[in-house]
Structure formats: C-alpha cells, structure tokens
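Inside the fold
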Amino acid sequence: MERLSILVSSFDNYSDLWPPFFQLFHKYWPENKSDLYLITNNVSYNENNVNCLHLSKNNSWSESVKQALNQINSEYVLFTLEDFLVKEKVKTEEIKHVLQFAIDNKSTAVYLNKNRFSHIRFSSLKKFQLINNSRPYVVSTQAAIWNRIEFLKYLDSEESAWDFEKNGSLRAKNING
C-alpha cells in the first residue's frame, strides 16, 4: 500500500494518549506497511516506526494538518485522531479494498465505519454509501482515507477541528456541487 500513509493528528498536550494509541494500533494492525506519521509540536514519540512531524504550537488545528499533508508524499492518507483507539483487528485486505475503491472512483474521502464505508464523490458499489452534500457534517474528523491533495482543499488555515467539520461541510457543497 505504497500509495497510502497514515496520519495521526495530535499535539504535545495529548502526548499521554500516544502510548496507548500506538500500542493498540500495532497490536491490532501488525501487518501495516504504510508510513505512519504523528503531528506533534516539540515532544517526540520514539517507538514503533512513528515519524513525528514537529509543527508550531501556535498553528491552528487546520494549519497543522495542512503542513503535515504537505510533508507527506503518498497520494492517499488514512487520517485519524490520537483518541480514536483501535479496538479490534484491522483487516488489511479490507483497507486495500477501500483504498482501491477510492483510487478507482476518484473519491475525495472514504470514511471508515465498522460495517459500511461512506464517501464523498463516488459511483455505486454495494458496500459504499454516498454522503449527501446537503447533510450537516458531511466532512468530519472521523477516521477516513483521504485523497491528500483533495483534503487540502477542505482545510482553512484559521480553523479548529470543530470549525473544519462545520465549515468544511459547507465548502463540500461548493467543491462537489
């Protein structure tokens, strides 16, 4: 899955969550081969092949995500927050299937839910559900596989994560019609 990197959004004040996050991540997804990135400020996490992206503590949430995305070379990122703990085995073949779906359908994002995947911009497939752009919070910080370049279009450098969900959903109407 060289076209996919994993980006964990965080900052130094939440560093107490990093050990349980990464311990569970590696326990339940030991076969992950994708590059793994962690957004931080000054503190490093030096275990389990985690690449720390040290970004300014003065950045807004969205500015940090933008800067992180610009430091990653993969076409797609599996984006998640540090408090979304993996609680069961990750099915690598299912992640590969979702990634291939995103590539084949030029999806902006495919949100990862336990039994169903929802996405922005797609063509029909049984296991996938189109997100209606008129719905509130069509854009969210929930775990998702994003097209890295498209993700950047939804971010405004001044926004918090909550503003991103609210205003990014409004931007989705304009971006996707």
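Residues numbered from 1 in each chain as written. Predicted model: local features only at pLDDT ≥ 70, side-chain atom pairs only at ≥ 80, totals over all residues. Heavy atoms only, no water.

**So, the confidence of the model for the chain**
Put simply, the rule is: Here pLDDT means the predictor's own confidence in every residue, given as a number from 0 to 100. Each helix is a run of H or I in the DSSP string that is no shorter than four residues. Each strand is a run of E no shorter than two, and both are numbered from the N terminus. Contacts between residues were defined by any pair of non-hydrogen atoms, one from each residue, lying within 4.5 Å.
Scored by pLDDT, the chain comes out at a mean of 87, with 86% of its residues at no less than 70. The element-level mean pLDDT for the chain is lowest in strand E6 (residues 117-120), coming to 46, with strand E1 (residues 4-9) highest at 98. Confidence drops under pLDDT 50 across residues 115-124; counting only partners more than four residues distant or on other chains, this segment forms 54 contacts.

**A look at helix H1 (residues 18-28)**
Spacing of three or four residues puts side chains on the same side of an α-helix, whose turn is 3.6 residues. Keep this limit in mind: Think of it in three bands: residues with accessible area under 20% of the maximum for their type are buried, residues over 50% are exposed, and the middle band is partly exposed, with areas taken using a 1.4 Å probe on protein chains only. Our arc is simply the arc of the directions from the helix axis toward the C-beta atoms.
Residues of H1 that are buried include every one of Trp18, Phe21, Phe22, Phe25 and Tyr28, and no others. Seen along its axis, H1 keeps its buried residues to an arc of 145 degrees; they face one direction. Away from its buried face, by an angle of more than 90 degrees, H1 presents the exposed residues Gln23 and Lys27. Along its buried surface, H1 packs onto E1, strand E2 (35-40), strand E3 (50-54) and strand E4 (76-81).

**Re the nonpolar core**
The nonpolar side chains of a soluble globular protein tend to be buried, and buried together. In plain terms, the rule: Think of a nonpolar core as a cluster: buried Ala, Val, Leu, Ile, Met, Phe, Trp, Tyr and Cys residues, connected wherever their side-chain atoms sit within 4.5 Å.
With 26 residues, the main nonpolar core has Leu7, Trp146 and Phe151 as its most contacted residues. Taken together, the elements giving at least two residues each to this core come down to E2, helix H2 (61-71), E4, strand E5 (109-112), strand E8 (144-147), helix H4 (148-154) and helix H5 (161-176). In terms of residue count, H2 provides more of this core than any other element does, four residues in total. When neighbours within four sequence positions are excluded, Phe151 is seen to be in contact with Val65, Leu69, Val77, Phe79, Trp146 and Phe164. Formed by 25 residues, the second largest nonpolar core is a distinct cluster that contains Tyr28, Ile95, Ile103 and Ile145.

**Remarks on the pattern of salt bridges**
To keep it simple, the criterion reads: Any carboxyl oxygen of Asp or Glu that lies within 4 Å of a side-chain nitrogen of Lys or Arg is treated as forming a salt bridge with it.
Overall, the coordinates contain five salt bridges when judged by the stated rule. Between Glu93 and Lys96 there is a salt bridge whose closest N-O contact spans 3.5 Å. Note that Glu93 and Lys96 are positioned in helix H3 (residues 92-104) at a spacing of three residues, about one turn of the helix. For Lys96, a relative accessible area of 37% gives the class partly exposed. Taking the shortest distance from any N to any O, the salt bridge between Glu150 and Lys153 comes out at 3.0 Å. Placement of both Glu150 and Lys153 in helix H4 is noted, with a separation of three residues, approximately one turn of the helix. On the basis of relative accessible area, Glu150 is assigned to the buried category, the value being 14%.

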